[in-house]
Amino acid sequence: MKKLPLILLASFFVLLSVAALASEEYFPALKKQLKKTYSALTATPDPPKPVEKFEPIIVEVPTPELNITLPTREITKEYDNHLIAGENNGFGLIESEDHFQQLIKNKKLVSVSQGTGYLVDELTHSHPYVTPRSKVILEEIGQAFQSLTKQESFFTVSSVTRTPEQQQNLRKRNRNATAGISSHSYGVSFDISYIRFNGKKGGNRSAQKDLETVLNEFQAANKIFFIKERKQSCYHVTVR
């Protein structure tokens, strides 16, 4: 084995000396850093701060006043019966004057003027026409009324069938008239005045009592519905 040159041996011993010196400075620092890191990992964490309670902000908003126009005539379940009877027992809603004339031509509406126990008044916002069955019931009511009074008494029919246009015109004149569809527009309703008997306007308690008795009997027999309209001073009658 060849001997190493002297200079290489000298360099080797120098490197060993430098390494020894470096290790004396480096390893204590590394040990210190590892201890610091371990302490950080094993330390007990601080407890979390409590969450502040949220308090909602209440803002008062003024409630607007509702501008609602209430109907002048109360639509009740009782009146609904009249509309249902009109839909089921007539020939449908009379939509216009032309439709009304067509129903007359087809004899689905017949004229009424007077008969035993009743007289149709001069009409301004309706037509003196009803369905054939409604005419039969009207005549039966008239006969029953005259039979009950035991004299040739008669009541007055003040309104009969109206087209929707006539109903709107009546509404303009009389705010108590039904807004929208009326049972009068099916050809099965008519109004009987209870302040006009025998062609005379005025109170007649005896005749009114007899008329109401007849109407109650016909309603109990499921032939009609009727409502006493106080503002119009009439009985609104719809044939079932």
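Residues numbered from 1 in each chain as written. Predicted model: local features only at pLDDT ≥ 70, side-chain atom pairs only at ≥ 80, totals over all residues. Heavy atoms only, no water.

Novice: Whenever I open this one, the overall build of the protein chain confuses me. Can you help?
Specialist: Of regular secondary structure, the protein chain possesses six helices and nine strands. The buried share among the 240 residues of the protein chain stands at 32%. Sequence-distant contacts in the protein chain: of pairs separated by 6 or more residues, those separated by 24 or more amount to 68%. Element-wise, carbon and sulfur atoms account for 56% of the exposed surface of the protein chain, whose accessible area totals about 17,100 Å². (Helix = DSSP H or I, 4+ residues; strand = E, 2+ residues; numbered from the N terminus. Buried < 20%, exposed > 50% of the residue type's maximum accessible area, 1.4 Å probe, protein only. Contact = heavy atoms within 4.5 Å. Areas by Shrake-Rupley, 256 points an atom, 1.4 Å probe, with all protein chains shown as cover.)

Novice: Would you explain the environment of Asn89 in this entry?
Specialist: Among the secondary structure elements, Asn89 is positioned in helix α2 (residues 77-89). Classification of Asn89 as partly exposed rests on a relative accessible area of 35%. It is 9.2 Å that separates the C-alpha atoms of Asn89 and Gly187, two residues lying 98 residues apart in sequence. Not counting the four nearest positions on each side in its chain, Asn89 is found in contact with Val188, Val239 and Arg240.

Novice: Please explain the confidence of the model for the protein chain as it appears in this structure.
Specialist: The predicted coordinates should not be examined in detail at positions where pLDDT is low. In the predicted model, the protein chain carries a mean pLDDT of 79, and the fraction of residues at 70 or more is 63%. Note that residues 66-75 has pLDDT below 50 and, in this model, 10 contacts with residues that lie over four places away or in other chains. (pLDDT = per-residue confidence, 0-100.)

Novice: Can you walk me through the pairing of strand β6 (residues 189-197) in this structure?
Specialist: Among the nine residues that make up β6, seven are buried, leaving the element largely enclosed by the rest of the structure. In this sheet, strand β7 (residues 200-201) lies alongside β6 in antiparallel orientation, the contact comprising two bridges. Residue Arg196 lies in a different strand from β7, and its bridge partner there is Lys201. (Pairing = 2+ DSSP bridges.)

Novice: Quick question: what am I supposed to make of the pairing of strand β8 (residues 224-229) here?
Specialist: Sheet faces and side chains relate simply in a regular strand, where the side chains alternate between the two faces. With respect to burial, β8 is a largely interior element, five of its six residues being buried. Where β8 lies against strand β9 (residues 234-239), six bridges are found, and the strand directions are antiparallel. Considered in β9, the bridge of Phe225 is made with Thr238. Between β8 and β9, which pair antiparallel in sequence order, lie four residues; one of them, Ser233, sits at a positive phi of approximately 55°.

Novice: Got a minute to help me understand unusual backbone geometry in this structure?
Specialist: For residues besides glycine, phi is generally negative; the peptide bonds are generally trans as well. Residue Lys107 is not a glycine yet carries a positive backbone phi of 60°. Turning to its location among the elements, Lys107 is positioned in the loop between α3 (97-105) and β1 (110-111). For Lys107, a relative accessible area of 67% puts it in the exposed group. One non-glycine residue, Asn198, lies in positive phi territory at about 55°. On the secondary structure map, Asn198 appears in the loop between β6 and β7.

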